[in-house]
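In case you want the letters, here they are:
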Amino acid sequence: QVQLVESGGGLVQAGGSLRLSCAASGKVYGINPMGWFRQAPGKQRELVATITTSGLTNYAGSVKARFTISRDNARNTVYLQMNSLKPEDTGVYYCNIHHLYDGSDNWGQGTQVTVSA
């Protein structure tokens, strides 16, 4: 029984910033890789950023140098700081956790990010 609740999405102008949060609750065992994905209407879900158990980060080329993923293990929370937002960043952003103990994944409900030109 794991829940991932995203928050922080909204409508911003190009060049603006948003900070997304994802709080995990329930039976999360230890530290697990987590990530952010996004999906535009009619498009497949794509990787935005991931963070490993040791804090190593990885970003899609389209967001590198603009977005920063971080985590607070004590709070079971992952964040995505998004700066210099572009209209092409628009989409529903989903939080993911990959459980190392059994290889399964959980997804949040998604939070809408809309960037106007």
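Everything here concerns the structure above.
Report follows, based on the coordinates. On a predicted model such as this, the values are computed, not experimentally measured, just so you know.

Observations regarding the pattern of salt bridges
Right, so step 1: Tallied over the full model, the rule gives four salt bridges.
Right, so step 2: A salt bridge links R38 to E46; its shortest N-O distance comes to 2.8 Å.
Right, so step 3: Residue classification places E46 among the partly exposed positions, given a relative accessible area of 39%.
Right, so step 4: One salt-bridge network, held together by shared partners, links R38, E46, R66 and D89.

Some thoughts on the environment of I97
Right, so step 1: Tracing the backbone through its elements, the reader meets I97 in strand 9 (residues 91-98).
Right, so step 2: When its relative accessible area of 2% is taken as the criterion, I97 is described as buried.
Right, so step 3: Spatially, the C-alpha atoms of I97 and V78 are 9.5 Å apart, while their sequence positions differ by 19 residues.
Right, so step 4: Excluding its chain neighbours within four sequence positions, the residues that come into contact with I97 are L4, V28, N32, P33, M34, S104, D105 and N106.

Remarks on the packing of aromatic side chains
Right, so step 1: Going through the model one piece at a time under the given rule, you end up with two aromatic pairs.
Right, so step 2: Ring geometry for Y29 versus Y101: centroids 5.1 Å apart, planes at 75°, classification edge-to-face. Taken together, the residues Y29 in the loop between strand 3 (18-26) and strand 4 (34-39) and Y101 in the loop between strand 9 and strand 10 (105-107) connect sequence positions 72 residues apart.
Right, so step 3: For Y29, a relative accessible area of 46% puts it in the partly exposed group.
Right, so step 4: Assessed through its relative accessible area of 52%, Y101 is described here as exposed.
Right, so step 5: Between F37 and W107, the ring centres sit 4.9 Å apart and the planes meet at 70°, which makes this aromatic pair edge-to-face. A residue pair is termed long-range when its members are at least 10 positions apart, and F37 in strand 4 and W107 in strand 10 qualify at 70 residues.
Right, so step 6: Since its relative accessible area comes to 38%, W107 is described here as partly exposed.
Right, so step 7: In this structure, R45 is placed above the aromatic ring of Y94, and the distance from its NZ or CZ to the ring centre is 3.8 Å.

Thresholds applied
Residues numbered from 1 in each chain as written. Predicted model: local features only at pLDDT ≥ 70, side-chain atom pairs only at ≥ 80, totals over all residues. Heavy atoms only, no water. Salt bridge = Lys/Arg side-chain N within 4 Å of Asp/Glu carboxyl O. Buried < 20%, exposed > 50% of the residue type's maximum accessible area, 1.4 Å probe, protein only. Helix = DSSP H or I, 4+ residues; strand = E, 2+ residues; numbered from the N terminus. Contact = heavy atoms within 4.5 Å. Phe/Tyr/Trp six-rings, centres within 6.5 Å; stacked < 30°, edge-to-face > 60°. Lys NZ or Arg CZ within 6 Å of the ring centre and 35° of its normal.

Spatial relationships are all this shows, so hold off on functional conclusions.
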